Amino acid sequence: MKAAAILLLLLCSAAPRLTAQDTNTAPPEQKAWLEYMTPGPMQEMLKSHEGKWKVTASVWMKPGDPPLTSDGDAESKMIFDGRYLQSEFHGTMMGQKFEGMSLDAYDNALGEFRSVWIDNMGTGIMMLRGKMDPATKTISYEGTVVDPQTKKEIDTWSTITMTDADHQTMKMFSKIEGKKVKTMEMKYERAK
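Residues numbered from 1 in each chain as written. Predicted model: local features only at pLDDT ≥ 70, side-chain atom pairs only at ≥ 80, totals over all residues. Heavy atoms only, no water.

The next thing to look at is the nonpolar core. Within soluble globular proteins, side chains that are nonpolar generally end up buried alongside one another. Val55, Phe113, Met170, Met184, Met186 and Tyr188 are the most contacted members of the largest nonpolar core, which has 25 residues in total. Looking at which element gives the most residues to this core, the answer is strand E1 (residues 51–59), with four residues. Leaving out residues up to four positions away in the same chain, Met170 has contacts with Ser158, Thr159, Ile160, Met184, Glu185, Met186 and Tyr188. (Core = buried A, V, L, I, M, F, W, Y, C linked by side-chain atoms within 4.5 Å. Buried < 20%, exposed > 50% of the residue type's maximum accessible area, 1.4 Å probe, protein only. Helix = DSSP H or I, 4+ residues; strand = E, 2+ residues; numbered from the N terminus. Contact = heavy atoms within 4.5 Å.)

This part covers the sheet that holds strand E7 (residues 138–147). Pairing within the closed barrel is antiparallel, and its ten strands lie in the order E1-E2-E3-E4-E5-E6-E7-E8-E9-E10. Pairs of neighbouring strands in the sheet enclose a mean axial angle of 25°, with direction left out of account. Across eight bridges, strand E8 (residues 152–164) lies against strand E9 (residues 167–176) in antiparallel orientation. When the sheet's bridge partners are listed, Thr159 is paired in E9 with Lys171. (Pairing = 2+ DSSP bridges. Axes fitted to C-alpha atoms, helices over the stretch in contact; angles between N-to-C directions.)

Tracing the chain through its elements places Thr183 in strand E10 (residues 179–190). The spacing of Thr183 and Thr156 is 27 residues in sequence and 9.7 Å in space, taken between C-alpha atoms. Sequence-distant contacts of Thr183, defined by excluding residues within four places in its chain, comprise Ser58, Val59, Trp60, Met172, Phe173, Ser174 and Ile176.

Turning to the packing of aromatic side chains, a few remarks are in order. Tallied over the full model, the rule gives six aromatic pairs. Plain terms: the ring middles of Trp53 and Tyr188 are 6.3 Å apart, the flat faces sit at 85° to each other, and that makes the pair edge-to-face. Taken together, the positions of Trp53 in strand E1 and Tyr188 in strand E10 put the pair 135 residues apart, joining distant regions of the chain. Tyr188 carries the same exposure label as Trp53, and that label is buried. (Phe/Tyr/Trp six-rings, centres within 6.5 Å; stacked < 30°, edge-to-face > 60°.)

The following block contains the structure:
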């Protein structure tokens, strides 16, 4: 453990001087870190989500009920030199002010997307991990969310489909009474 901590300290102190071009000539222990820390095509794809968006949200409180709909705005930007996409949402939900924030990443080492979500209608953190299907331009996530009534985590899934550069749709599903049920859909249109 001590050797790993020393190696991490050395890598961190060298990181500002290392570049992607150093990957080919770096010793193996540094090469892995360089590949892990260097933004690539998946981070560029996340960057395409930067900007301001108009959002139409639909929420299903119970299966079979008509959805509650509302409008909002979102703004997304890359942070930490193009490594993570931070998004903030502002709108209303069930007649109340609704604010949320997500942080999305592509983990170069694991080869998968990670997403966390927090909002003002809870005190927990939803954590998701997923893969992208390039053919459909869809990232499919899975994870858990807390059900405040049972105080237990329940399985949840979401998809984000990039229809084109100016439109995307997020759909969320949760396991309710043993069935996968659609609970939310958010349609994003780039603000002009």
